[in-house]
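# Coordinate inspection notes
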Amino acid sequence: MGMVAEEPVPMVGLSAGRWSVIRALGGDKKGLDREDSSSSIASSYIKKEKKNHLDDLSMPTRRVGGMTESCLKLLSQEEIKNLQFPPSANSFNVNIHYKSGTADIQNQNSEGIRTTNSFTGNQTMSERADSFEVHNNVEVHCGFFSQNSGFDIEDDDKSFMNTCEAVVSTCIFGGGDVLYQPIGMANTSLTKVCYVAFLDNATFGTIEEAANYEHEAHKLGIWRIVVVHNLPFPDQRRNGKIPKMLGHRLFPKARYSIWVDSKYQFRRDPMAVLEALLWREKSTLAISEHGARKCVYKEGEAVVKKHKALPEEVALQLDQYRGEGFAENAIYDGHKALAEASVIVREHNPLTNLFMCLWFNEVVRFTARDQLSFPYVLCRFKLPHLKMFSVCTRRALVNALGHKHKAKQLEQVEIS
């Protein structure tokens, strides 16, 4: 189980969540996620109200059929208090075997851009193609390829992580962000859901001496702090994809997870979110639709324009997708396939776990901008029971406070 509260009191607001460490780290109170600020889709139905700020629990609304409704319909506080996990029923006849090896791999692709290593293994294009074919027994690359390959976690943290049936997680690597405290949860949910923040040594060094850090419990406020040693990639964005996409490998006994990017403050009860986006919808993975675009190729242009990836690596990835016939405005199950992947709510089952492995492998092979690979993997893998929720719903889930440091223009690389 997660951290246990002494008394079950419904809906803890945690206005005291503005911990002194946040102030010490230069907490930013600026508002809306800039990526969606130009979205005509979002602005057409989200009621204009005050910007999201730290510790804001207000519920955004939208107009539907001339009526105003909440962007996220949650159960009542009493119903949330009594929520339990549904019975486990594994109806997926798929067994996943994760590939492993011992070789010290340091390879570049033919364009000299992407490097694989002993953490990822060297997935060939033939193995990549085979990984999208679902059989009763599937062998797939999914990180953690060899021993001593990096992303090392202390044994006591591993023991704690093995107790989690459900987890809310985030990460900060490179010391560049503020760790925002979650708010809006019922105390009863704290007995059912773990809250885990993965930090590297550099980031941990900035908070270790904070007044609210509990050394023996490894806790900062609600978060259980897990320090990761020997990050396998020089690119911190790519390191961040490990806890984001491979939660099933880090939390082997977890049945559910909610991923929240570090630019956000999670502000809803996790059990209520699981109920609203998974159990009620009979979904196994829920993710936000993209607020500004529907074409992955247009998104690639935007990524380059904002200096979030090198032009050469974006071209390499999108040329590959275009050569395989991937559509410009891909639609999946009636929704645009392009997603904004900063909040991911999912059940851990063989198909969602396999999907996340394939997505991670694309991030390793191509750019770290996971929105470029998500629609391709989704449409090729054909993940069932997907819930694409609106930008309005995403804003109901989190307070968008932004990264502490904006992305800088990347240096050019020499292409061989």
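A few points on the structure.

Conventions and cut-offs
- Residues numbered from 1 in each chain as written.
- Predicted model: local features only at pLDDT ≥ 70, side-chain atom pairs only at ≥ 80, totals over all residues.
- Heavy atoms only, no water.
- Core = buried A, V, L, I, M, F, W, Y, C linked by side-chain atoms within 4.5 Å.
- Buried < 20%, exposed > 50% of the residue type's maximum accessible area, 1.4 Å probe, protein only.
- Helix = DSSP H or I, 4+ residues; strand = E, 2+ residues; numbered from the N terminus.
- Disulfide = S-S within 2.5 Å.
- Salt bridge = Lys/Arg side-chain N within 4 Å of Asp/Glu carboxyl O.
- Polar contact = N/O pair within 3.5 Å; in protein donor to acceptor, adjacent residues only side chain to side chain.
- Pairing = 2+ DSSP bridges.
- Axes fitted to C-alpha atoms, helices over the stretch in contact; angles between N-to-C directions.
- Parallel < 35°, antiparallel > 145°, perpendicular 65-115°, else oblique.
- Contact = heavy atoms within 4.5 Å.
- Nonpolar A, V, L, I, M, F, W, Y, C, P; charged D, E, K, R; others polar.

Grouped together as the largest cluster of nonpolar side chains are 69 residues, with contacts concentrated most on Phe-198, Phe-251, Ile-287, Phe-355 and Trp-359. It is helix 13 (residues 350-365) that contributes the most residues to this core, ten residues altogether. By size, the runner-up hydrophobic cluster in this structure holds 43 residues, among which are Leu-72, Tyr-195, Ile-207 and Leu-220.

As a further point, take the state of the cysteines. One pass over the structure, following the stated rule, counts three disulfides. Here Cys-142 is linked by a disulfide to Cys-357, with a sulfur-sulfur distance of 2.1 Å. For the disulfide bridge between Cys-142 and Cys-357, the dihedral angle about the S-S bond is near -75 degrees, and by the sign convention the bridge is left-handed. With Cys-142 in the loop between strand 6 (137-140) and strand 7 (152-153) and Cys-357 in helix 13, this pair connects stretches of sequence that are 215 residues apart. The side chain of Cys-164 participates in a disulfide bridge whose partner is Cys-194; the two sulfur atoms lie 2.2 Å from each other. Torsion about the S-S bond of the Cys-164 and Cys-194 cystine: about -105 degrees, corresponding to left-handed handedness. Placement of the pair is Cys-164 in the loop between helix 5 (155-161) and strand 8 (166-172) and Cys-194 in strand 9 (residues 194-200), with a sequence separation of 30 residues. When sorted by exposure, Cys-164 lands in the same class as Cys-194, which is buried. Described in terms of the sequence order of its bonded cysteines, the disulfide pattern of the protein chain is 1-6, 2-5, 3-4.

Turning to the pattern of salt bridges, a few remarks are in order. One pass over the structure, following the stated rule, counts 18 salt bridges. Across the pair Glu-281 and Lys-387 runs a salt bridge whose closest N-O atoms are separated by 3.8 Å. Within this pair, whereas Glu-281 is found in the loop between helix 10 (270-279) and strand 15 (285-289), its partner Lys-387 is found in strand 19 (residues 386-389), the two being separated by 106 residues in sequence. For Glu-281, a relative accessible area of 38% puts it in the partly exposed group. A relative accessible area of 22% means that Lys-387 is categorised as partly exposed. One network of salt bridges, with partners in common, ties together Arg-128, Glu-324, Glu-362 and Arg-380.

The next point concerns the side chain of Arg-238. Take Arg-238: it is sitting in helix 8 (residues 236-245). A polar contact of 3.0 Å, which involves the side chain of Arg-238, links it to the backbone oxygen of Phe-366.

Of the strand pairs in this sheet, strand 1 (residues 61-64) and strand 2 (residues 67-70) are connected by four bridges, and their pairing is antiparallel. Each bridged residue has a counterpart across the sheet, and for Thr-61 the counterpart in strand 2 is Ser-70.

All right, on to the packing of helix 8 against helix 13 then. Following both chains from N to C, one finds helix 8 and helix 13 inclined at 175 degrees, their axes separated by 10 Å at the closest point. One way to sum up the angle between helix 8 and helix 13 is to call them roughly antiparallel. Contact residues: Arg-238, Lys-241, Ile-242, Lys-244 and Met-245 in helix 8; Met-356, Trp-359, Phe-360, Val-363 and Val-364 in helix 13. Of the residues contributing to the contact of helix 8 with helix 13, the split by class is seven nonpolar, no polar and three charged.

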